[in-house]
Amino acid sequence: MSGDLKIENILMQVRSKLQEDGVKLWLSPYYEESIGPIDEMIEKLATDYCQVLNVPLNYCQAAISELQCNALDKLRARAEFAETGLATIKVRAPNQVGGTRLITINVKLSETGRTLQELVGKELELECPLRVKLISAGRVINSHQILSEQKLQNNQQILAVILETSDSQAVNAAESAAYDRVQKARDDAQLLINQKRHEFMQMEDQKGNAIHLPPQERASLMMALAMHEKAKVELKKENYAEALLLLLDADNEFNQCGSNLLQNVDNYALLNLDIAWCYLCLKSVQQLPDAENRLRICETNFKRSYGQDLDRVMLLKGSTGNEKALIMRLHLLQAIVLFHQNRRLEAQSLLMLAETELNQLKISDESVTALIDMGYTMSEARIGLRACGGDIDRTISYIIELRSSREEARKRTRKERRLMKKVGESKDKTWINPRSLTDLVDMGFPSELCVAALQLSDNNVADAVNMLQNNKTALQQKVSEDFIPDTKIVDEMTKMGFHPEIINMSLRHVSNNMNEAVDMLLRMQGEGTYDNLLTSICGSTSAAATSTIPAVANAVNILKANVEEATDAMAAFERFSEGVSANEDDYLDLSLVMEENFIAQYKNFF
């Protein structure tokens, strides 16, 4: 049992009893301005309370004294704030032995987050104050924004996490920023998301099907999911401080998503569950209000995406064993939040429920080992056994079927991607749902007409089919009128030395894909057909001869730039993907060891 938790348990009970009895420890008869604490009155109060609360007298008296000091400190801080404008901020920070300590910082709320960061860094004797990240009410304090604008208040308690640098000699701000892995992960993710062809990052559902969204919504959601994935890497390493920063960054991105998709999938619920888990592992009791709210969001979202009694999961997957592990963790966290709010009966009820659920989720170590010996991964073994109630034969069939269905889904995704590349982008840049387009092409309709039909029907497949069957002439006219060469691409390729008319012809052929157009014209030059075509347009051979050299030189430079961009993207992908699991069900693969330890720890208080 944790000593800190034991003390916190007594403090909660004493605080609740004092509030119930209306006892004000900062007033007479417990405190006199001219004398200070009245020891005999505090001892008498402790004697009464230790019997009612069934706690040792010395612990009870120490708790009362500590609560009295806290109350007096708050009164002094309030007076100082009114007189000088200096706010008192309590910062819960890690100490050198793996625990936490509380430090006091005085700062004006008109200062920026950077000032508070530096003051905390100085108090913690850190050479690089940028290593300190401060968290208030579930948000990372912005170093460039005024504290009052970030809703910081006098007498508030916040959490400090310290990012380690990859170089122990890094002592200045620039060096510290260079080793800030959180920002590095974000930069890499942004570079990959901005890749037009999306080779590096794809969104899939649980069955492996690609999730298609309009570009703007896709960008925010992809960044949120990417940062969550990096956070999971740190969670596995039990680096909860860094994981929390990544999770809060992901939360900020999720809050910018306007898609209804978040209402029907569990991603946002899982994020909030992971944030609350980090609070617990960091012993961050001061974040309880944020944890309670996040767990409420998580529970609502789980019910919406999984069904009231996991009925949607059963319908989609045929089993609920692994999702029950997430529900168990939710109940455990809810129980702990209730415990720290001194709502003991509710906490005990949920803790017992979590324990029952955990016991039902346990699987045989021998079965896991047997499946691993057959060539399956530990994750596949654990997830499969929970899904199949521990039956090894059913688990093998489950794993094989899951692998097969996901491979089929990915084949379809690759087909959708190839088709979208072929049709290119429309004149008005209206977003086309790749799955709808693939379905229509699979019915035997020409891809160009399918694009036009989906544009006119706002991606409604039924309406598009009706147009393709009954209004083909109008669609063909739209296709012929729709293509207009991208003027920016034309200008850029003209600067390379290519002739505008030939550029227009090539762009029409490759649907405004500049790289493919350049490749095509370079091939034409190598074959001699470009000069022949130019001669027929310009009416002389001199024009053709003088245009070839700059075109080749400039085109080569463009191609080199594209190669460099692709190289940078690949490097970013390798950095970002380090440690990220390729297993789609990784979020369901809970070992349950820590959950069992927390249950045992908190059960001792009931």
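The present account deals with the structure reproduced in this document.

## Re helix H3 (residues 57–84)
Argument step 1. Helix length check: H3 (28 residues) gives 40 Å between terminal C-alpha atoms against 40 Å at 1.5 Å per residue, within 8%.
Argument step 2. Those residues of H3 lying buried are Cys60, Ala63, Ile64, Leu67, Gln68, Ala71, Leu72 and Ala77.
Argument step 3. After H3 finishes, the residue Gly85 shows a positive phi value of roughly 85°.

## Focus: a nonpolar patch on the surface
Argument step 1. A cluster of nonpolar residues, Trp26, Leu27 and Leu75, forms a patch on the protein surface that exposes about 240 Å² of accessible area.
Argument step 2. Residue placement: Leu27 occurs in the loop between helix H1 (3–21) and strand S1 (31–32).

## Here we look at the sheet that holds strand S7 (residues 156–162)
Argument step 1. Overall, mixed pairing links the five strands, which are arranged S4-S3-S7-S5-S6 in an open sheet. Every other strand in the sheet has two partners, leaving strand S4 (100–108) and strand S6 (139–140) as the edge strands with one partner each.
Argument step 2. The pairing of strand S5 (residues 132–136) with S7 spans four bridges and is antiparallel. The partner of Lys133 across the bridge, within S7, is Val161.
Argument step 3. Sheet contacts for H3: strand S3 (86–94) and S4; angle to S3, the most-contacted strand, approximately 135°.
Argument step 4. Along the sheet face, helix H8 (residues 240–254) touches S5, S6 and S7 and points at about 55° away from the line of S5.

## Regarding the nonpolar core
Argument step 1. Core analysis: the biggest nonpolar cluster contains 85 residues, and Leu244, Trp277, Phe302, Leu326 and Tyr602 have the highest contact counts within it.
Argument step 2. Those residues in contact with Phe302, other than ones at most four positions away along the chain, are Asp266, Ala269, Leu270, Leu273, Gly307, Leu326, Ile327 and Leu330.

## Overview of helix H17 (residues 434–442)
Argument step 1. Those residues of H17 that fall on the buried side of the exposure criterion are Pro434, Ser436, Leu437, Thr438 and Leu440.
Argument step 2. The N-cap residue of H17 is Asn433: its side-chain oxygen and the backbone nitrogen of Arg435 are 2.9 Å apart.
Argument step 3. One or two steps after H17, the chain reaches Gly444, where phi turns positive at roughly 105°.

## Observations regarding the pairing of S7
Argument step 1. Burial of S7 is extensive: five of the seven residues sit out of reach of the surface.
Argument step 2. In terms of strand pairing, S3 meets S7 through four bridges, oriented parallel. Residue Lys90 lies in a different strand from S7, and its bridge partner there is Gln157.

Cut-off values and rules
All residue numbers refer to position in the chain's written sequence, counted from 1. Whole-chain, interface and lining totals are the exception, using all residues; otherwise, since this is a predicted model, local features are given only for residues with pLDDT of at least 70 and side-chain atom pairs are given and counted only at 80 or more. Side-chain measures here rest on the full set of heavy atoms in the structure, leaving out hydrogens and waters. Elements are defined by DSSP. Helices are runs of H or I of four residues or more, strands are runs of E of two residues or more, and each kind is numbered from the N terminus. By this rule the span expected of a helix is its residue count minus one, scaled by 1.5 Å. When accessible area is computed with a 1.4 Å probe and restricted to protein chains, residues below 20% of their type maximum are described as buried, those above 50% as exposed, and intermediate ones as partly exposed. Note on patches: the residues involved have over 30% relative accessible area and no salt bridge, like charges join within 9 Å, and the nonpolar side chains Val, Leu, Ile, Met, Phe, Trp and Tyr join within 5 Å. Throughout, the Shrake-Rupley method with a 1.4 Å probe supplies accessible areas, and for residues the shown protein chains are the sole cover considered. Here, a salt bridge means any Lys or Arg side-chain nitrogen found within 4 Å of an Asp or Glu carboxyl oxygen. Strand pairing is defined by DSSP finding a minimum of two bridges between the two strands. Contacts are residue-level and defined by heavy atoms, with any inter-residue pair within 4.5 Å sufficient. Axes, fitted as lines to C-alpha atoms, cover a helix only where it is in contact. Angles between the N-to-C directions of the axes lie from 0 to 180 degrees. We define the nonpolar core as a collection of buried residues of types Ala, Val, Leu, Ile, Met, Phe, Trp, Tyr and Cys that are connected through side-chain atoms lying within 4.5 Å of one another. Contacts described as polar in this section are N or O atom pairs within 3.5 Å, which, within protein, must combine one atom able to donate a hydrogen with one able to accept it, while residues neighboring in sequence count only if both atoms come from side chains.

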